Amino acid sequence: MNMFPAATPAQAQALLSLPAARLFEQAGRLREAVFGRRVDLCAIINARSGNCAMDCRFCSQSRHNHTPIAVFDLLPDETLRERILELAALPVNHIGIVTSGAALSEAELARLRAVLAALPDNVRPRVCASLGRLNSAQLEQLAQAGLTRYHHNLETAQGHYPRVCTTQTWEQRRDTVAHAMRAGLTACTGGLFGLGESWEERIAFAFSLKALGVRNVPMNFLHPHPETPLAGQQPLSADEALRIIALFRHILPEATLRICGGRPTTLGARQHEIFAAGANALMTGDYLTTHGQGIEEDLAMIAAQGLEAGGDA
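Residues numbered from 1 in each chain as written. Predicted model: local features only at pLDDT ≥ 70, side-chain atom pairs only at ≥ 80, totals over all residues. Heavy atoms only, no water.

Caption draft 1: Summary view of the packing of helix α4 (residues 106–117) against helix α5 (residues 136–144). At a closest axis distance of 9 Å, the pairing of α4 and α5 adopts a crossing angle of 20°. One element, α4, and the other, α5, form an angle in the roughly parallel class. Relative to α5, the crossing made by α4 is right-handed. Along the contact surface, α4 presents Glu106, Leu109, Arg113 and Leu116, while α5 presents Gln138, Gln141 and Leu142. For the contact of α4 with α5, the per-class residue count stands at three nonpolar, two polar and two charged. (Axes fitted to C-alpha atoms, helices over the stretch in contact; angles between N-to-C directions. Helix = DSSP H or I, 4+ residues; strand = E, 2+ residues; numbered from the N terminus. Parallel < 35°, antiparallel > 145°, perpendicular 65-115°, else oblique. Left-handed = near helix turned anticlockwise from the far one by under 90°. Contact = heavy atoms within 4.5 Å. Nonpolar A, V, L, I, M, F, W, Y, C, P; charged D, E, K, R; others polar.)

Shown next as C-alpha cells:
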C-alpha cells in the first residue's frame, strides 16, 4: 500500500500551472518524507559501445547516425571485472553494466554470467545491467547468476515513441521490463526528456511507469549529439527540467527518481536544485559517450544541500 498520495492525471495537469516555488516545495517535502536526507548514487560501465542497429534519433551509438565515438565489442572478462571492482571501492550503491545494441548474444550472456558469479559476495548485489531486449529465459538466467536489477528504458510516452525510434516498438520495450520483473529482477526504467514531447505526453509517460509498478526511474535530458537527427534540437532549460522532476515526484511519490544523462548540460550550475525539485538519486561520473560530473564534486554538492550519500534506493 502506498503511504503517500499520488497525483491523479487531472491533478498532475493542474500542477503545471503552479508557480515553480510552490511546485518544488511540495515535491521536496514528498522526497524528504519518503527518503529523508539520503541520496542514492550509481555509476555505469560502457561495456560495449556503438554499432547499434536501432535507429533511435537521439543516440550517438546508432549505426544509422555518424557521431564520432569509440566503438568496441564486449569488454574482455578481466577488464570488466576490474572496472566493476574499481567502482565498488567508491560510495556508489549500484554499478551498471551497459551494452549497446538490441541485445547481447547467448555467448556474451554466458560470459557475463560467469563474471557475475566470480565477483565477491559483497559486490555482486550492487551490480545491475542494461543489456537490451532479452527474453524471459535469459533474464531468469541472469537472476540465477546473482543479478538483482535490470535497466531498460521506455524512453518516452507510448504515443510519442514512433517519432523517436522505428526499429523497436514501445510495446516491445514495455514487455522486456515486464519480463525482467517476472524474473524477480527490480526494474530500473525511465526515459529521456527534451525529444519534442509535450507536457501531456510527459504525464502519460509517468503514469505508464506507475501502471508497470516501476519504483526506480532514471531521468535523462537530451544532450544533442552531432551527426544525429536531433543534433539541432534545443536542450531543455534548467527550469523546464526541474519542473519535469517535480511533476514525476508528485505522480510517483515513493519511486526513486535518479537524475542521469544530460545533467551537466541541461542544469549546469543549478544541478544542486534537483533535490529541492524531488530527486533522491543520481548517476555520478561519466555517461556512455559524454562526460559527467566527478564523484567528489557530486559528494560535495550533496553535502552542501544538507544531504548525505547512502542508503539503497
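Caption draft 2: View of the packing of helix α2 (residues 20–35) against helix α8 (residues 238–251). It is at 9 Å that the axes of α2 and α8 come closest, and there the two elements cross at 50°. By the angle class used here, α2 and α8 are oblique. The chirality of how α2 crosses α8 is left-handed. Counted together, Ala20, Leu23, Phe24, Gln26, Ala27, Leu30, Arg31 and Phe35 of α2 and Leu242, Arg243, Ala246, Arg249 and His250 of α8 form the full contact between these two elements. Residue composition of the contact of α2 with α8, grouped by class: eight nonpolar, two polar and three charged.

Caption draft 3: Representation of the packing of aromatic side chains in the model. Considering all chains together, one arrives at four aromatic pairs under this definition. Both rings, one in Phe193 and one in Phe205, keep their centres 6.0 Å apart while their planes meet at 50°; by these two values the pair is tilted. Here Phe193 is found in strand β6 (residues 191–193), whereas its partner Phe205 is found in helix α7 (residues 199–212), with twelve residues between them in sequence. A residue is classified by how much of its surface remains accessible, and Phe193, at 2% relative accessible area, is buried. A network of ring pairs unites the aromatic residues Phe193, Phe205, Phe221 and Phe248 as a single cluster. (Phe/Tyr/Trp six-rings, centres within 6.5 Å; stacked < 30°, edge-to-face > 60°. Buried < 20%, exposed > 50% of the residue type's maximum accessible area, 1.4 Å probe, protein only.)

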